[in-house]
Amino acid sequence: MQFNIPQDHPRAESLRVREMLVEGLRGGLVVEEGLIAHGRGETFDYLLGEKTTLSAIMAIKATAAMLLTSSHPIISVNGNFAALCGKEIIELSRACGALIEVNLFYHSVNRERAIKCYLERLGATDVLGTGKDRTATIPYLNGERKHVDPRGIAIADTVFVPLEDGDRTEALKKMGKKVIAVDLNPLSRTSVHATICIVDNVVRVIPILIQMLLELKSENRESLMNMIGKFDNIMNLNESARLIRRGGSEISATI
Ligand code: PTJ
């Protein structure tokens, strides 16, 4: 990290997360546009009080249950997700038996390779979706992200897609797949079209999700299916939107 963040700075954590992305940019994992996407996310996070809400916890619980009951779950990794959660992506994959696949909106062979090498350095053994492995196609989708690995997203029943941009979620749903998104914007197309959307910062979500997976691992299938059945994505998004509106309307004088 090049910038020394004062420990007592009131926004130290937020600045630390920013630096992870800047480092990711310097290391060839993240695109410039990824910094803009993060800025949009930060705005929603600020209004949410930069805390994991009860509605996010409910979405994380349903996510854990869905991952544990899936026969072929896959974690889709883009530049921002790799830079923010590198080590945790591998822990998550181990906790739920999901494979890892790189899938980029602003695709380039160099960045795809950089992300794969980065995850391998952190301990990942089989990172799909790079180089000559992208031989399958997602129908109903334009752009580079439609090229996927036949061992991964192509045959997955559940796809975990943090920091996604909307049209791929719709295309994956049309293929009959369950899509789990992490998006701080409850109004986005991704959030609305996902089977489950967790409205929270991905850096807070993944450690909680790993913990939840370990806790729910011993539950039987029927009880896990019950947890999924009780979850209503649109109701959950509305609750997050309500909290964001409240966060934007109450200003307390502290000066
Ligand atoms: O690495 P690539 O080429 O695949 O590109 C990745 C980005 C993120 C640049 C690309 O997918 C993109 O442009 O995404 P969008 O359309 O800007 O959408 C990103 C969404 O993620 C927005 O709704 C943001 O609010 C949200 N977001 C940003 N940072 C976070 C976040 N949600 C959760 N946690 C975050 N840290």
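Here, the structure is the one placed above.
Bear in mind the structure is a predicted one, so any value in this text is a computation, not a measurement. Each chain has its residues counted from 1, running along the sequence as written. The predicted nature of this model means local features are confined to residues of pLDDT at least 70 and side-chain atom pairs, given and counted, to a pLDDT of 80 or more, with totals for whole chains, interfaces and linings taken over all residues. Derived side-chain values reflect all non-hydrogen atoms in the structure, with water molecules and hydrogen atoms excluded from consideration.

Novice: Sorry if this is basic, but what is going on with the sheet that holds strand β2 (residues 99-102) here?
Specialist: Each strand in a sheet pairs with its neighbour through backbone hydrogen bonds, running either in the same direction (parallel) or in the opposite one (antiparallel). Any two strands with at least two DSSP bridges between them are considered paired. Note on conventions: DSSP H or I runs of at least 4 residues are helices, E runs of at least 2 residues are strands, and numbering of each starts at the N terminus. Pairing within the open sheet is parallel, and its six strands lie in the order β3-β2-β1-β6-β7-β8. Pairing within the sheet leaves two strands with one partner each, and these edge strands are β3 (127-128) and β8 (196-198). Here five bridges tie strand β6 (residues 158-162) to strand β7 (residues 178-182), and the two strands are oriented parallel to one another. Note on β7: the bridge partner recorded for Phe-160 is Ile-180. Contacts were defined at the residue level, with two residues in contact if any of their heavy atoms lie within 4.5 Å. Here, axes are lines fitted to C-alpha atoms. For helices the fit covers the stretch in contact, and angles between N-to-C directions go from 0 to 180 degrees. In this fold helix α3 (residues 54-69) packs onto β1 (73-77), β6, β7 and β8, with an angle of close to 130° to the strand it touches most, β8. Each of β6, β7 and β8 is contacted by helix α8 (residues 202-216), which is oriented at about 140° to β6, the strand it contacts most.

Novice: So what exactly am I meant to see when it comes to the side chain of Glu-112 here?
Specialist: You can see Glu-112 is positioned in helix α5 (residues 109-121). Not counting residues up to four positions away in its chain, the partners in contact with Glu-112 are Val-102, Leu-104, His-107, Gly-129, Thr-130, Gly-131 and Arg-134.

Novice: Any chance you could explain the site of the ligand here in plain terms?
Specialist: We call a residue near a molecule or strand when any one of its heavy atoms sits within 4 Å of it. Looking at the ligand, there are 21 residues lining it, with Gly-79, Phe-105, Tyr-106, Arg-111 and Asp-183 nearest. The backbone of Leu-184 places a nitrogen or oxygen atom 3.2 Å from a nitrogen atom of the ligand. In protein, a polar contact means a hydrogen-donor-capable atom and an acceptor-capable atom, both N or O and within 3.5 Å, with residues adjacent in sequence counting only if both atoms are side-chain atoms; elsewhere, any N or O pair within 3.5 Å suffices. With respect to the ligand, the backbone of Val-202 contributes an N or O atom lying 3.0 Å from a nitrogen atom. Under the convention used here, a 1.4 Å probe and the Shrake-Rupley method define accessible areas, while residue burial counts only the protein chains that appear. Protein contact buries 94% of the 740 Å² of open area that the ligand shows by itself. When residues of the shell around the ligand are traced back to their parent elements, those giving at least two are α2 (32-47) and α4 (79-96). The residue inventory of the shell around the ligand, partitioned by class, reads eight nonpolar, seven polar and six charged. Basically, the charged four are Asp, Glu, Lys and Arg, the nonpolar ten are Ala, Val, Leu, Ile, Met, Phe, Trp, Tyr, Cys and Pro, and anything else, Gly included, counts as polar.

Novice: I'm lost on the packing of α4 against α8 in this one. Help?
Specialist: Between two packed helices, both the angle of their axes relative to each other and the distance between the axes serve to describe the pair. Across the interface, α4 lies against α8 with an axial gap of 10 Å and an inter-helix angle of 10°. Between α4 and α8, the angle falls in the class roughly parallel. Contacts between α4 and α8 involve Phe-81, Leu-84, Cys-85, Glu-88, Glu-91, Leu-92, Ala-95 and Cys-96 from the former and Val-202, Val-203, Ile-206, Leu-209, Ile-210, Leu-213 and Leu-214 from the latter. By residue class, the composition of the contact of α4 with α8 is 13 nonpolar, no polar and two charged. An angle below 35 degrees is treated as roughly parallel, one above 145 as roughly antiparallel, one from 65 to 115 as roughly perpendicular, and anything else as oblique.

Novice: Just checking my understanding: could you explain the pattern of salt bridges for this structure?
Specialist: A carboxyl oxygen of Asp or Glu within 4 Å of a side-chain nitrogen of Lys or Arg is what we treat as a salt bridge. Scanning all chains against the criterion turns up 16 salt bridges. Note that Glu-42 is salt-bridged to Arg-18, the shortest N-O span being 2.8 Å. Residue Glu-42 is located in helix α2, and its partner Arg-18 is located in helix α1 (residues 12-26); the two are separated by 24 residues in the primary sequence. Residue Glu-42 is classed as buried on the basis of its relative accessible area, which comes to 18%. Connected through shared salt-bridge partners, Arg-145, Glu-164, Asp-167 and Arg-168 make up one network. Note on exposure labels: buried denotes an accessible area under 20% of the residue type's maximum, exposed denotes more than 50%, and partly exposed covers the range between, all computed with a 1.4 Å probe on protein chains only.

Novice: Help me understand the pairing of β7 in this model?
Specialist: Regular strands place their side chains on alternate faces of the sheet. With respect to burial, β7 is a largely interior element, four of its five residues being buried. Since β6 and β7 lie parallel, the crossover through helix α6 (residues 167-174) that links them has a hand, and here it is right-handed. Bridge count for β7 against β8 is three bridges, and the pairing is parallel. Its bridge partner lying in β8, Val-182 is registered against Ile-198. A clockwise path from the first strand over the helix to the second, with the strands pointing away from the viewer, defines a right-handed crossover.

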